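The chain contents come next:
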Amino acid sequence: MTARAGTPVPTRDSAHRPPRWVRTRLRANPLSALLMAALAFVTVFLAAALPRIANRGADTALQDFVSGKGPNQTSLQTTSRTRDDDTAVELDRVQRQLVEQVGRRLTPSRAGQAYGARALGDHSMANPGYAHISDKEPYPVLSLLHLHDLAARATLTDGTWPTPGAVGGPLPIVVSEKAAETIRIKLGDVIDNGVESSGARRTTVVVGLYRVNDPQDPFWDDLGCPARACLNTKPDHEHWTTSGFVDGGSLPALVRWGSTAENFWRLPVDPASLHADRIDRTRDVIRSFLTGRDATALLDATGRADLQTVSGLPDVLTRADERYRASLPLSAIGPAGVAGVATVVLFLAAALTTDRRAAEIRLLRARGGSLAGVLRRLIGEGAVTVLPAAVLATALALVLLPTPRWDRAVSAALVATLIALLAFPVRAALLWSRRRPAGGRRRLVGELAVLAVTAAAVAEVRRRGVGHPGAGVDPLLVAAPLLLAVTGGLLLARIEPVVVGRLAALAGRGRGPIGFLGLARAARDGSGRRKPSVLPLLALLIAVTTTGFGATVLDTVDHVRTRAARIATGGDIGVALPDYATLTAPFTEAAAALPGVRASTAAWIEPRARFFATDRDYTEADLVVVADPAAYAEIARALGVGGFDPAKLAGTSGGGRDTPVPALVSRDLAERLAAGPSRVRTPNGNDLHLTVAGVVGATPALPDPGKPFVVVPAGPAWERLPDTRRVNTWFAVGDVDPDRVRTVLRDNSGDRPVGLAKLIADDATAVGKDTHGLPSGYTVHSSRETAAALGDDPLQHAAGRLFRYAAAAGAGFALLAVLLTLFRAAPDRTAVLARLRTMGMRPRQGLALIMTEALPQTLAAAVGGGLIALAAVALLGGAFDISTLVGAKVGDVVVPVLMPVLLPTAGLALLVGLGVVVETLVAGRRRIATELRAGEQS
């Protein structure tokens, strides 16, 4: 037979070319491929996203910590001796060179840059009529500077900006109008600044007055007193001081005026350019500019051999690095739990796929398929679904969560991708390589190995501790809660089938079959084996344990922060006054009557008292005179600081000046004062005799005493020592609104200060210390506001946010593990339900059967996970240093608490139960209907 011309003749290869494996498999079950791609996408996205979230939180915390230190602490401060030929042009040239050299290694911030020259000697202003405070130091003091671009930060209000002065004449300067008003400087004044070493008069002439645009701008730090006249309060040397500014062409005259002068350049490092993972590198670069190769490069570039650079930024970065490393183990617990649950879910999905395709894989092997060939096809099939989803998830995480550091995110995504890709092929390989089931001895050995690793991790955590400043992350320490969960899961996996089997036997004695069938099926897995798979139980247990452990840590942090704030405040609310002021009786009465006040007392704290023992040696200590000892005892009891029996301070009225007054003393004074009668001497020279009524380590008025103290009742103390009849503090416990206390204090603040006290108060007001309309030095401390301030730390927020994200992800994966378990048992369960339906079982009973089957494992995981979480807290809590998360140095440890564990445990159990119900209502009925209609079309 011949073929017609032009007709293609089929060949052996084209006629019998086998279809492509991957395409055939995807067409055979597209829904399974889509679900696997979705699972890989979610898992890889979380694996890439959680490190990015951690990095962003750490960077934000670092940048906030550094920027809060101000430009002086975060800048390179460069100085050089001012030469006779220096001009403003020369300073500009050096500034450009410094910015260029530093900009090659660091990112300078334009905000806060300042440079100029300053006279190193300050001189008095001896003009008659200028304001002075005391006869011992009658003259105010002037310091002189040249500041580049002063006109951009100050507004000229009178006169002109300075120009170079004539040789031998007064040096033209400008001063602030506020300083001129305080010191009584007039425009055009020739100020007498004393005599130079050569005998010539040193003079300046005021050619202009200015107003600083923003006196609170940190730019003005370390630039003298440019905005006003500042009060120097050194004892016996109180005087006014202010700064004046000269023109850039007057630098040689500035040298002569101050005897010597120096040029300065301040280059702040941009906090936004700092990253937590590059702290060591940044610190090394800065140190190189201080004393290393870069410092030599600065000398060469500027041509100034005496150039010196200092900076406080290395120390700031060291403290920030210690805080960051201390928070790492605490913030890594949640992601570690998510990684464990996600890994279990991927293995569970692989087991489900293997069970569904076991017959197909065995058939391939029976027909001559090689091990390598079948594995290659399975890996290729997974690559088509997993790899595109993984690449898309990784790219999405990198785009949505921008941060310079990408290595950890990509590494975590790569690990998750490999697990998702290889879990099914490895499980399939185990299917045909295991010709006989593994004995119980092999499982026992593996469980004992896990138990040994867990015990070692717990012992290491208890020995070394976690969360200490600068400690960093130890994977073994971070994994300790996870290992405890795994160990508990393995133990529970051995106990649960036995307990559920016994319950099934008991249920079989009843009337209805639902309880017996559900519990009997719960004691087996979906394939009918005698013991259910441990993977679903592990997923639930890890999620519950890590969530409960992390929730306990955060709950403890909140409570400890609140307690630390109360101790620092001396109660829930406190009022403190400066030395010159006294709280009035109307205030103490009105404040005690405020809503929410449970106990309150006024007191007088004298920090300059002297305590004499019988040997006539004295000890400087704090004297606390308490108006209401009973209320003070209640405050001490509420705070848990320095509790005492108020009856011990019930001193008797009357008696002479030598009659002892009962006193609570600190432990460091107890030994000396117990030897016999002692006395306290106030700064006025009056003595008060004491008798020891009790010993305490601290007291609410002095929660962290830096030196010895004594607490005495006001009644007998006021009778024997009249100069103590005043109060400058007030304490209270209760739910008190601090704004209402401030209002009462404003209305009853008493007499205003006079003399030097008034000058000190006005000076404090001038720098912005006056708040809430209160007089300067009057402060209202609230434990609520103090706790908010302690918690207002991006590092703490980042750790809490990361834990919440991890907890939500762990709960989602745990729910997915339960659903996968239901899917795995779906064919067998559907057949059973279909048969029972033909025997008259109602749909509601079918739902009850499924819930009965799923409930034991969920309850076991919830109860077991909660118990393991409490055990983990009991075993590991004492090793965790939570000071970084609290915001203050504390000695409290994490202890087991029921509610933080109970809430997430109950929530997860409820979520799983709802998931089972929804899966049954949506998919179960459809499968049962399909099973019942089997054979209709035949």
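Note that the structure is a prediction, hence the values are computed from the model and not measured. Sequence order sets the numbering: in each chain, residues are counted from 1 along the sequence as written. Residues qualify for local features only when their pLDDT is at least 70, as the model is predicted, and side-chain atom pairs are given and counted only at 80 or more; totals for whole chains, interfaces and linings, by contrast, use all residues. Water and hydrogen atoms play no part in the side-chain values, which are based on all heavy atoms of the structure.

## Points about the overall build of the protein
Only DSSP runs of H or I reaching four residues or more are called helices, and only runs of E reaching two or more are called strands; each is numbered from the N terminus. Across its full length, the protein carries 29 helices and 21 strands. By the burial criterion, 49% of the 938 residues in the protein qualify as buried. In what follows, a contact means two residues having at least one pair of non-hydrogen atoms within 4.5 Å. Counted over contacts in the protein with a minimum sequence separation of 6, partners at least 24 positions apart contribute 81%. Residue burial considers only the protein chains on display, and all accessible areas are found by Shrake-Rupley using a 1.4 Å probe. Carbon and sulfur atoms make up 57% of the accessible area of the protein, which amounts to about 44500 Å² in all. Only protein chains enter the accessibility calculation, which uses a 1.4 Å probe. A residue is then buried if its area is under 20% of the maximum for its type, exposed if over 50%, and partly exposed in between.

## A short note on the pattern of salt bridges
Any carboxyl oxygen of Asp or Glu that lies within 4 Å of a side-chain nitrogen of Lys or Arg is treated as forming a salt bridge with it. The final tally for this structure, using the stated rule, is 23 salt bridges. We note a salt bridge from arginine 283 to aspartate 321, for which the minimum N-O separation is 3.9 Å. Note that arginine 283 is positioned in helix α8 (residues 279-291) and aspartate 321 in helix α10 (residues 313-356), a separation of 38 residues in sequence. For aspartate 321, a relative accessible area of 8% puts it in the buried group.

## Some points on a nonpolar patch on the surface
Note that patches include only residues with greater than 30% relative accessible area and no salt bridge, and the join distances are 9 Å for like charges and 5 Å for nonpolar side chains (Val, Leu, Ile, Met, Phe, Trp, Tyr). Nonpolar side chains collect at one region of the surface, where Ile379, Leu414, Leu418, Leu422, Val426 and Leu430 lie side by side and expose about 480 Å² of accessible area between them. Per-element accounting of the nonpolar patch gives the leading share, five residues, to helix α13 (residues 407-433). We classify leucine 418 as partly exposed; its relative accessible area is 41%.

## Section: the pairing of strand β17 (residues 678-681)
Taking every second residue as pointing to the same face, the buried face of β17 carries Ser678 and Val680, while none of Arg679 and Arg681 on the other face is buried. Pairing between strand β14 (residues 597-612) and β17: three bridges, direction antiparallel. Pairing of phenylalanine 611 across the sheet is with valine 680, part of β17. Both β17 and strand β18 (residues 687-696) contribute to a ladder of four bridges, which runs antiparallel. Its bridge partner lying in β18, serine 678 is registered against leucine 690. Here a strand pair is declared whenever DSSP counts at least two bridges between the two strands. A loop of five residues connects β17 with β18, the two strands running antiparallel in sequence, and glycine 685 in this loop sits at a positive phi of about 95 degrees.

## Thoughts on empty space enclosed by the protein
Cavities and pockets were defined on a 1 Å grid built over protein atoms only: a cavity is a set of grid points that admits a 1.4 Å probe from which the probe cannot escape, a pocket is an open set flanked by protein on both sides within 12 Å along at least five of seven lines, and lining residues are those with an atom within 4 Å of any such point. Grid points are joined across faces, edges and corners, and a volume is the space filled by probe spheres set on the points. Evaluated as defined, the whole model comprises eight cavities of 30 Å³ or more. Its volume calculated, the second largest cavity comes out at about 90 Å³. Every residue lining the second largest cavity is listed: Leu330, Ser331, Ile333, Gly334, Gly550, Val553, Leu554, Ala799, Phe803 and Leu885. Listed by contribution, the elements that provide at least two residues to the lining of the second largest cavity are α10, α18 (534-569) and α26 (794-838).

## Some words on unusual backbone geometry
Positive phi is not limited to glycine here, since aspartate 149 has a value of about 60 degrees. Within the secondary structure, aspartate 149 sits in the loop between β4 (141-147) and β5 (154-159). Judged by relative accessible area, aspartate 149 falls into the partly exposed class, the value being 47%.

## Some remarks on the state of the cysteines
By convention in this document, the label disulfide applies to cysteine sulfur atom pairs within 2.5 Å. Counted by the stated rule, this structure contains one disulfide. Across a sulfur-sulfur distance of 1.8 Å, cysteine 225 and cysteine 230 are joined as a disulfide pair. A torsion of 85 degrees about the S-S bond marks the disulfide between cysteine 225 and cysteine 230 as right-handed. Of the two residues, cysteine 225 and cysteine 230, both sit in the buried class.

## Description of the packing of helix α3 (residues 30-67) against helix α12 (residues 371-400)
Two elements in contact, α3 and α12, have axes separated by 8 Å at closest approach and are oriented at 30 degrees. If you check the angle between α3 and α12, you find them roughly parallel. You can see that α3 and α12 cross each other, and the crossing is right-handed. For the pair formed by α3 and α12, the contact residues are Ala33, Met36, Ala37, Ala40, Phe41, Val44, Phe45, Ala48, Ala49 and Arg52 on the first element and Thr385, Val386, Ala389, Ala390, Leu392, Ala393, Thr394, Leu396, Ala397, Leu398 and Leu400 on the second. For the contact of α3 with α12, the class distribution of residues is 18 nonpolar, two polar and one charged. Lines fitted to the C-alpha atoms define the axes, with helices restricted to the stretch that makes contact. Angles between their N-to-C directions range from 0 to 180 degrees. An angle below 35 degrees is read as roughly parallel, one above 145 as roughly antiparallel, one from 65 to 115 as roughly perpendicular, and any other as oblique. The handedness criterion is simple: a crossing whose near helix is rotated anticlockwise from the far helix by less than a right angle is left-handed, and one whose near helix is rotated clockwise is right-handed. Polar here means any residue outside two lists: the nonpolar Ala, Val, Leu, Ile, Met, Phe, Trp, Tyr, Cys and Pro, and the charged Asp, Glu, Lys and Arg; Gly therefore counts as polar.

## Brief notes about the confidence of the model for the protein
Summary of the metric used: pLDDT quantifies the predictor's per-residue confidence within the range 0 to 100. Residues at a pLDDT of 70 or more form 83% of the protein, whose mean pLDDT is 80. Here residues 11-16 is a poorly scored stretch, pLDDT under 50, and it has zero contacts once near neighbours within four places are set aside; other chains count. Contacts of residues 526-530 to residues separated by more than four positions or lying in other chains number seven contacts, the stretch itself having pLDDT below 50.

## Details of helix α16 (residues 480-507)
Expected helix span is given by 1.5 Å per residue-to-residue step, counting one fewer step than there are residues. End to end, α16 covers 39 Å across 28 residues, agreeing with the expected 40 Å (1.5 Å per residue, within 8%). To get the bend at any residue, fit one axis to the seven residues that end at it and another to the seven that begin at it, then take the angle between the two axes. At leucine 492, α16 is deflected by roughly 25 degrees, the largest bend along its length.

## Concerning the nonpolar core
Grouped together as the largest cluster of nonpolar side chains are 90 residues, with contacts concentrated most on Phe549, Phe813 and Leu876. Sort the elements by how many residues they give to this core and α18 lands first, with 14 residues. When neighbours within four sequence positions are excluded, phenylalanine 813 is seen to be in contact with Leu39, Val42, Thr43, Leu46, Val338, Val341, Ala342 and Val345. Grouped together as the second largest cluster of nonpolar side chains are 50 residues, Leu142, Leu144, Leu209 and Ile286 included. Nonpolar core, defined: a set of buried Ala, Val, Leu, Ile, Met, Phe, Trp, Tyr and Cys residues in which side-chain atoms within 4.5 Å join the residues together.

## Describing helix α7 (residues 251-258)
Burial analysis of α7 places six of its eight residues in the buried class, the great majority of the element. Those residues of α7 not exposed but buried are Leu251, Pro252, Leu254, Val255, Trp257 and Gly258. Following α7 by one or two positions, serine 259 adopts a phi angle in the positive range, close to 75 degrees.

## Re the side chain of arginine 323
Turning to its location among the elements, arginine 323 is positioned in helix α10. The exposure class of arginine 323 is buried, given its relative accessible area of 19%. Among residues more than four places away in sequence, those in contact with arginine 323 are Phe65, Asp793, Leu795 and Thr884.

## Structural notes on the side chain of asparagine 193
Tracing the sequence through the fold places asparagine 193 in strand β7 (residues 190-195). The contacts of asparagine 193, once residues within four sequence positions are left out, are His123, Ser124, Met125, Leu142, Arg202, Thr203, Thr204 and Trp257.

## Quick word on the pairing of strand β2 (residues 114-119)
Counted residue by residue, β2 has six buried out of six residues, so it is predominantly covered. Along β2, one buried face is formed by Ala114, Gly116 and Arg118 and the opposite face, lined by Tyr115, Ala117 and Ala119, is buried too. Note that β2 and β4 share three bridges and pair antiparallel. The partner of alanine 117 across the bridge, within β4, is histidine 146.

## Structural notes on the packing of aromatic side chains
Side-chain rings of Phe, Tyr and Trp, where Trp is taken by its six-membered ring, are said to pair if the distance between their centres is within 6.5 Å; with planes under 30 degrees apart they count as stacked, over 60 as edge-to-face, and otherwise as tilted. One pass over the full model with this rule turns up six aromatic pairs. An aromatic cluster of three or more residues is present, and its members are Tyr632, Phe644 and Phe731. In this arrangement the basic side chain of arginine 118 is found over the ring face of phenylalanine 264, its NZ or CZ atom lying 4.3 Å from the centre. Note on criteria: charge over ring means Lys NZ or Arg CZ within 6 Å of the ring centre, with the direction from the centre no more than 35 degrees off the ring normal.

## A short note on the environment of leucine 298
Considering the arrangement of structural elements, one finds leucine 298 in helix α9 (residues 293-302). Residue leucine 298 is classed as buried on the basis of its relative accessible area of 3%. Put simply, leucine 298 and valine 102 are 196 residues apart on the chain and 8.5 Å apart in space, counted from C-alpha to C-alpha. The residues touching leucine 298, leaving out its near neighbours within four places in the chain, are Leu98, Gln101, Phe289, Leu307 and Thr309.

## Brief notes about the environment of aspartate 158
Tracing the chain through its elements places aspartate 158 in strand β5. With relative accessibility at 38%, the residue aspartate 158 sits in the partly exposed group. Separated by 52 residues in sequence, aspartate 158 and tyrosine 210 have C-alpha atoms that sit 6.9 Å apart.

## A look at the environment of alanine 179
Among the structural elements, alanine 179 can be located in helix α6 (residues 177-183). Accessibility expressed as a relative area gives 0% for alanine 179, which makes it buried. Those residues in contact with alanine 179 that sit more than four places away from it in its chain are Arg184, Arg228, Ala229 and Thr242.

## Section: the packing of helix α19 (residues 585-592) against helix α23 (residues 738-747)
Interaxial distance between α19 and α23 falls to 9 Å at its minimum, and their mutual angle equals 155 degrees. With respect to α23, the element α19 is oriented roughly antiparallel. α19 and α23 meet at a crossing whose hand is right-handed. For the pair α19 and α23, contact is made by Phe587, Ala590 and Ala591 and by Val741, Val744 and Leu745, respectively. Here the residues of the contact of α19 with α23 are counted per class, giving six nonpolar, no polar and no charged.

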